[in-house]
Amino acid sequence: MADLNDLSALMRSARQGDDGAYRRLLGEVTVWLRVVVRRGLVSAGRGAADCEDIVQETLLAMHLKRDTWDEARPIAPWLRAIAHHKLADYLRRRGFTDHVDIDDHADAPELAVDVDAAASVDSRQMLASLPERQRRIVQEISLEGRRAADVARGLGMSEGAVRVTLHRALKALAVFYRRDRS
Amino acid sequence: MKTEQLVEALVADRAAGRKPISAALALALVVGGVVSLVLFLIDLGVRADIEPALATWRFDLKVGTVLVALVLAFGLCLECARPDPSGRPMRRLLALAVLAVLALAVELVMVPKATWGTRLVGTNSLVCLSAIPSFTHILHWMNLGMNSRR
């Protein structure tokens, strides 16, 4: 696993408009998050079944709040803080009030992470809850890997409108995660 | 949805250029300041004796306290917007509290005891008590409306 602080260079490039850098950044963060979240769940006496839901919720939060990272500061504390908050949110929703310190677990040897289980349980219902147009755009971009410009042509929308709709859909997903689902 | 697919959606969404939160907040501060200034000039206007007033240190202290509050609140706002605030940001407000208490003490020493009640509460307190919550509510609902349309 890469040193988290190395990711600041990727985030900087991403801010300059480098899609590849942002994809790599999210990939590295995902790998790190899976380990951290799984350890957090296990140490709280929870099963790891919802691990991927929390990973996705955290990725969404990082994405939507990425402008709160100050380039003058190291990125690792920022990443840890969001992961910590999202894990605590999840545990609180499920009626767990103890303090969770992810740093206690960050240095332990890596746990095996089952990547086959990388589909989150709740997000299928979440996608279904989106309005038709938002759901189609998220699906075409994420599941089928199409570019925003192509999706726009297919739907007879402008590329800008597709991007706005996608952004709205992602915000709606983040809200969906925050709701009490237990 | 698989996480890798979510990542693709996030990458596609990234193109919408966003400025750092400090720049956005500074812009909001400038716009808000200009709007307030215009409203102030239209509705209230600058007091006639502004120049002699500025020359008295008690008046300057009032303006100074507000400016200190503005600077501290701006920094605090930024810290609170971050998931990882550095140190204990709330402690910075201590300087403001000390300044306000000192100014209050000085003011009470300078003015006659009989006028303390009016000086502390003012003569328009009932207007303020009703106006401030109503304005806050209007702003709150406007803000909610903007968010839902976004």
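As the structure is a computational prediction, the values presented were derived from the model and not from experiment.

Peer 1: Help me understand the overall build of chain B in this model?
Peer 2: Helix and strand content of chain B: 7 helices and 0 strands. For chain B, the residues scored as buried account for 17% of the 150 residues in total. Split by element, the accessible area of chain B, about 10,800 Å² in all, is 73% carbon and sulfur.

Peer 1: So what exactly am I meant to see when it comes to the packing of helix 3 (residues 51-64) of chain A against helix 4 (residues 76-93) of chain A here?
Peer 2: Each pair of packed helices can be summarised by the angle the axes make with each other and by the distance between the axes. Residue and element names in this part refer to chain A. Following both chains from N to C, one finds helix 3 and helix 4 inclined at 130°, their axes separated by 9 Å at the closest point. Relative to helix 4, helix 3 is oriented oblique. Read as a crossing pair, helix 3 and helix 4 show a hand that is right-handed. Residue-level contacts link Ile-54, Glu-57, Thr-58, Ala-61 and Met-62 of helix 3 to Trp-78, Leu-79, Ile-82, Ala-83, Lys-86, Leu-87, Tyr-90 and Arg-93 of helix 4. Taken together, the residues of the contact of helix 3 with helix 4 break down into 9 nonpolar, 1 polar and 3 charged.

Peer 1: Explain the nonpolar core here, please?
Peer 2: Burial of nonpolar side chains together is a common tendency in soluble globular proteins. Counting residues in each nonpolar core, the largest one holds 58 residues, and the members touching the most others are A:Val29, A:Trp32, A:Leu59 and A:Leu79. Of all the elements, helix 2 (residues 19-43) of chain A adds the most residues to this core, at 10 residues. Dropping the residues within four chain positions of it, A:Leu59 is found in contact with A:Leu26, A:Val29, A:Thr30, A:Leu33, B:Thr3, B:Leu6, B:Val7 and B:Leu10.

Peer 1: Hey, could you run me through the confidence of the model for chain A in this one?
Peer 2: Any region with low pLDDT has predicted coordinates that should not be read closely. Residues at a pLDDT of 70 or more form 81% of chain A, whose mean pLDDT is 79. With pLDDT under 50 throughout, residues 108-117 of chain A is counted as low confidence; its partners more than four residues away or in other chains account for 15 contacts.

Peer 1: What is the right way to read the packing of aromatic side chains from this model?
Peer 2: Each pair of aromatic rings is reported with the distance of its centres and the angle of its planes. In total, this model carries 0 aromatic pairs over all chains according to the counting rule given. The ring of B:Trp116 carries the charged tip of B:Lys113 above its face, separated from the ring centre by 5.8 Å.

Peer 1: Just checking my understanding: could you explain the pattern of salt bridges for this structure?
Peer 2: It is possible for side chains bearing opposite charge to pair when their charged atoms get close. Per the stated rule, a full pass over the model turns up 19 salt bridges over all chains. When the shortest N-O distance is used, the salt bridge between A:Arg23 and B:Glu8 registers 2.8 Å. Here A:Arg23, found in helix 2, pairs with B:Glu8, found in helix 1 (residues 3-13), and the two come from separate chains. The class of A:Arg23 is partly exposed, set by a relative accessible area of 35%. A salt bridge links B:Arg82 to B:Glu79; the nearest nitrogen and oxygen atoms lie 3.7 Å apart. There is no split in this pair, since B:Arg82 and B:Glu79 are both buried.

Peer 1: Sorry if this is basic, but what is going on with the interface of chain B and chain A here?
Peer 2: How big an interface is tends to be expressed through the accessible area that disappears when the partners come together. Contact residues are listed per partner, giving 28 residues for chain B and 43 residues for chain A. Buried surface at the junction of chain B and chain A, summed over both partners, amounts to about 3,300 Å²; 55% is from carbon and sulfur atoms. In this structure, the connection of chain B to chain A is made through 4 salt bridges. The partner of B:Glu79 in a salt bridge is A:Arg73, and the shortest N-O contact between them spans 2.7 Å. The tally of links between chain B and chain A comes to 12 residue pairs in polar contact (both at pLDDT 80 or more).

Peer 1: Honestly, the packing of helix 3 of chain A against helix 1 of chain B in this entry has me stumped. Any pointers?
Peer 2: Across the interface, helix 3 of chain A lies against helix 1 of chain B with an axial gap of 10 Å and an inter-helix angle of 5°. The orientation of helix 3 of chain A with respect to helix 1 of chain B, classified from their angle, is roughly parallel. Between helix 3 of chain A and helix 1 of chain B, the contacting residues are A:Glu52, A:Val55, A:Gln56, A:Leu59, A:Leu60 and A:His63 on the first element and B:Thr3, B:Leu6, B:Val7, B:Leu10 and B:Asp13 on the second. Looking at the contact of helix 3 of chain A with helix 1 of chain B, its residues break down into 6 nonpolar, 3 polar and 2 charged.

Peer 1: Whenever I open this one, the state of the cysteines confuses me. Can you help?
Peer 2: Disulfide: a covalent bond formed between the sulfur atoms of two cysteine residues. Tallying each qualifying case throughout the model produces 0 disulfides over all chains. B:Cys77 supplies the cysteine sulfur nearest to B:Cys80, a cysteine that is in no disulfide, at a spacing of 6.9 Å.

Peer 1: What should I look at first to understand the environment of A:Tyr177 in this one?
Peer 2: All names here are of chain A. Along the chain, the position of Tyr-177 falls in helix 9 (residues 159-178). Classification of Tyr-177 by relative accessible area gives buried; the value is 0%. In this structure, the C-alpha to C-alpha distance between Tyr-177 and Asp-89, residues 88 residues apart in sequence, is 9.9 Å.

Rules and cut-offs
Residues numbered from 1 in each chain as written. Chains lettered and ligands numbered in written order. Predicted model: local features only at pLDDT ≥ 70, side-chain atom pairs only at ≥ 80, totals over all residues. Heavy atoms only, no water. Helix = DSSP H or I, 4+ residues; strand = E, 2+ residues; numbered from the N terminus. Buried < 20%, exposed > 50% of the residue type's maximum accessible area, 1.4 Å probe, protein only. Areas by Shrake-Rupley, 256 points an atom, 1.4 Å probe, with all protein chains shown as cover. Axes fitted to C-alpha atoms, helices over the stretch in contact; angles between N-to-C directions. Parallel < 35°, antiparallel > 145°, perpendicular 65-115°, else oblique. Left-handed = near helix turned anticlockwise from the far one by under 90°. Contact = heavy atoms within 4.5 Å. Nonpolar A, V, L, I, M, F, W, Y, C, P; charged D, E, K, R; others polar. Core = buried A, V, L, I, M, F, W, Y, C linked by side-chain atoms within 4.5 Å. pLDDT = per-residue confidence, 0-100. Phe/Tyr/Trp six-rings, centres within 6.5 Å; stacked < 30°, edge-to-face > 60°. Lys NZ or Arg CZ within 6 Å of the ring centre and 35° of its normal. Salt bridge = Lys/Arg side-chain N within 4 Å of Asp/Glu carboxyl O. Buried area = accessible area lost by both parts, 1.4 Å probe. Polar contact = N/O pair within 3.5 Å; in protein donor to acceptor, adjacent residues only side chain to side chain. Disulfide = S-S within 2.5 Å.

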